[in-house]
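Residues per chain are reported as follows:
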Amino acid sequence: MKKIVCLALVGLLTLSLFASGGKNSWMNTARIAGGVLWTDMTDEEMKETVYEIHERGQSVILTWVPHPLLEDWSSHLEFLRKASHYIHETYPDLALIIYQGPLEIVTPHVDSNRDGKVDSGKHSIYTDHPEWLQVGMDGRKAVFYGDYAFWIGETDEDVWLCPSDPEYRELVKSHFYELAQIGIDGIWIDIPKFQCDFGDWNSNWACHCEDCQKKFKEDTGLEIPKTIDWDAKPWKTWVLWRQQVIANFIKELNDTAKSVNPDCKIIVEHWHGIDVESVREAWSPILLREVTDCLAHEYPAASYHPSTYDYYNYLRDVASYLFYRGLGREHPSWILAYSSEKKGQKMLAASVITAGCNFYDTDVPDMDGTVNLTQQKEIFHWIKGYSLYYYDAEPWGNTGVYYSKATMDFLYHEQWGEGDFYCEFMGVSMMLLSSHIPYKVIFSLDDLDEFHTVILPNTACMSEEEIGKVNQFVTKGGNVIATGEAGLYDEWGYSRSQSLFHHNVISIPDSVGANYYRDVQPYYPWWAPEERGDGEEFKSHFLAILEPLKIPGIYEVDTPKEVIVLPFVNENTLILRILNLSEIAEGEPRTQKVTLTILWSVTNGRLYHFLSSSVPIENPATVDVHDHALLTFNVSEPVTIVSNSYDRPAADLLTTFLEKNGFFVDISSSCHSCMEQIRGRTQLVILGGHKALGTGELVDILLTEEEKELLEQKGAQYIFVKVDAFSEGQIVIIVAGNEREDTYGLVEKRVFEIVQTLVRPEAYYLRFMRI
Ligand SMILES: [Zn+2]
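Please read all numbers here as calculations on a predicted model, not as lab measurements. (Residues numbered from 1 in each chain as written. Predicted model: local features only at pLDDT ≥ 70, side-chain atom pairs only at ≥ 80, totals over all residues. Heavy atoms only, no water.)

Draft legend 1. Layout of the nonpolar core. Ranked by size, the top nonpolar core spans 165 residues in total, and within it Tyr321, Tyr403 and Leu546 carry the most contacts. With 11 residues, helix α10 (residues 311-328) is the single largest residue contributor to this core. (Core = buried A, V, L, I, M, F, W, Y, C linked by side-chain atoms within 4.5 Å. Buried < 20%, exposed > 50% of the residue type's maximum accessible area, 1.4 Å probe, protein only. Helix = DSSP H or I, 4+ residues; strand = E, 2+ residues; numbered from the N terminus.)

Draft legend 2. View of the coordination of the zinc ion. At the metal site, the zinc ion is ligated by Cys162 (SG), Cys207 (SG), Cys209 (SG) and Cys212 (SG), and these contacts range over 2.2 to 2.3 Å. On the primary sequence, the residues serving as donors to the zinc ion are separated as C-x44-C-x1-C-x2-C. Linking Cys162 in the loop between β6 (157-160) and α5 (166-181) with Cys209 in the loop between β7 (186-189) and α6 (210-220), this pair joins segments that are 47 residues apart in sequence. Taken individually, Cys162 and Cys209 each receive the classification buried, so the pair is uniform in this respect. (Donors = N, O, S within 2.8 Å, 3.2 Å for Na, K, Ca; no water.)

Draft legend 3. Local environment of the pattern of salt bridges. Taken as a whole, this structure holds 42 salt bridges when the rule is applied. The partner of Lys384 in a salt bridge is Asp93, and the shortest N-O contact between them spans 3.9 Å. Within this pair, whereas Lys384 is found in helix α12 (residues 373-385), its partner Asp93 is found in the loop between α3 (74-90) and β3 (95-100), the two being separated by 291 residues in sequence. Asp93 sits in the partly exposed class, given a relative accessible area of 35%. Note that Lys251 and Asp255 form a salt bridge whose closest N and O atoms lie 2.8 Å from each other. You can see Lys251 and its partner Asp255 sitting in helix α7 (residues 233-260), four residues apart, about one turn around the helix. A single network of salt bridges, built from pairs that share partners, joins Arg169, Glu170, Lys173 and Glu252. (Salt bridge = Lys/Arg side-chain N within 4 Å of Asp/Glu carboxyl O.)

Draft legend 4. Focus on the packing of helix α19 (residues 648-660) against helix α23 (residues 740-757). The geometry of α19 relative to α23 is characterised by a closest axis approach of 10 Å and an angle of 25° between their N-to-C directions. In terms of orientation, α19 lies roughly parallel with respect to α23. Handedness of the α19/α23 crossing: right-handed. On α23, the residues touching Pro649, Ala650, Leu653, Leu654, Phe657 and Leu658 of α19 are Tyr744, Val747, Glu748, Val751, Phe752, Ile754 and Val755. Looking at the contact of α19 with α23 residue by residue, the class counts come to 12 nonpolar, no polar and one charged. (Axes fitted to C-alpha atoms, helices over the stretch in contact; angles between N-to-C directions. Parallel < 35°, antiparallel > 145°, perpendicular 65-115°, else oblique. Left-handed = near helix turned anticlockwise from the far one by under 90°. Contact = heavy atoms within 4.5 Å. Nonpolar A, V, L, I, M, F, W, Y, C, P; charged D, E, K, R; others polar.)

Draft legend 5. A look at the sheet that holds strand β30 (residues 731-737). Strand order across the open sheet formed by five strands is β27-β26-β28-β30-β29, with mixed pairing between neighbours. Of all strands in the sheet, those with a lone pairing partner are β27 (665-668) and β29 (717-723), marking the two edges. Looking at each pair of strands side by side, their axes are set apart by 15° on average, direction ignored. Bridge count for β29 against β30 is seven bridges, and the pairing is antiparallel. The residue of β30 that forms the bridge with Gln717 is Gly737. (Pairing = 2+ DSSP bridges.)

Interpretation note: all reported values are geometric properties and have no functional meaning in isolation.
Have a look at this one:
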């Protein structure tokens, strides 16, 4: 979008890739699946396996090793060192990562009579190291016998270890050191959490071990609360402290691995992460993203089983994936979701990549299977071929939806799982998606200026500082919709006597998103609702709130709500990713017509059908979309801002404002040799007067002598509009002040008029909606 900025970033990126060995990008374009490499493979078998994996277009191999506390793993590490070396030598685009679950150990076959105890004469982690185990609120240690989960055999022992135990912590670090040393590309960490509800534990909030008690006292001066009390500050302090312990543990493992192999990436898998489970189990994805290279989100998608093939389930999935993308920011978002038949495999891949996440192919419930190897190959090759359109593009969106960690941490815990904040957040996201309004999920209110409209979906717990940022945004002309109880509690979850929002904040006391969500009732395979609505009544209410805001759009789209359209920009390429969910209950959608008019001036349109062929298209275009498609266009006529380095802050300010109002902007420095090219642009904004460095040469031609005289007066600030200056139909706006500060001040003050002067079709999303 901003050419100079983009080029500068590319420069930095290239440097950092070079500095760290040039293999960073494999995570961003990862196409993941299992590919177990057994130690007893011959060299030929290993090479054959790797060859087949690479042929299928897979780019990341996840494999397993035995636990070093249960079995000497040196021969396995030696084998993997050899495999890793071979892979890097032979296939530079293939990465090898190893699975670790450092806080859970299953000791097999130690309870053969199934009496819930280790057989006499046998050893287990619990019998040998009882002090390592997590301890629940009721004082029980986290040891379980029997098949509590599918990965635990009926005569096995399953223990959950505490990262606060110094001996165990050092041991795990030494394992990570050994693993990273063999030259692998990454370590995948699963289940880094404190137990709360596993097996016969119900709200047994670990960990109350001696080490945790001591450490909590040292860190906070408090005792670990012995009862759940959501009104008490010590309880809340402890809830946050548990999350921090897990995050610090992961950070130490990351540092340890990188100390011996700086290129070794740390990938952390967690479950879901959007709902209250992230609080109960203390694995906050918001904290974990700061201490990892990538999060892998295990997620129960609609593709899981034919009984869950449903429009609203898929819609919820895409909303979740966009949550993960907002969370990941510059890090990739890997999705570990499952499918159980070929149709589900294809739709899962289509929905994951539509959102810009990375596809991990497997089948229910394993991590190393696939539903269909032939289709896996087609999918991986498709993603590989078009990764530029999936992983190098920035989402376009001028609506922000705020996710509030404090609200998830401290409110609505009486509602298991899908509480009021979760439902509101998801409902709002799903209504925007089904209304073709692109949005970004944000986790902080620091940079609101890029948005035209910000939605606070029942973000009840907000600090005064956060509310201050919201108020500042609305006083500058931004739109804010606050639904439900937004802002009525402080950041610790204590209620306020009155709202602190500026009167321009649009407060909607209804939980319009939660009403929608609970009407359409997205579901998972373990529970199906009996009666469901279509949510349209609540969506109409929501859209009636949005409509007067006239959120500027960049395209008109005519297609039913079952079709999701998401826009992305890579340099001067506009990319639309389309996902069709019409009649998805059959497993594959019915082909749907989509009519699109791009409001930017675009050329070279092309339509790519998922796993199929491509055809050229015009703008506007009416296209048939089967399941998923990419539409790409070159943007040929950006609004060009000509600025020298002194006026760059004014150029950035104007760019941000133009972009959120739907313009495509290019910032250009003025130079003698590029003068011809600049003159040819249809919409030009030149910052600075005739005496400004660089840009002055151009302005000098355009201004009359009288206009120049005006500008030379102290404190002068002028906007000159020149029509048909160098060519017919051209508009040139000169924003100039006598001093540099005058130019900036003028842009800040008159930005609305500058935008109105630029020629652009009047468009906002809701006007064109077909519900
Ligand atoms: Zn502990």
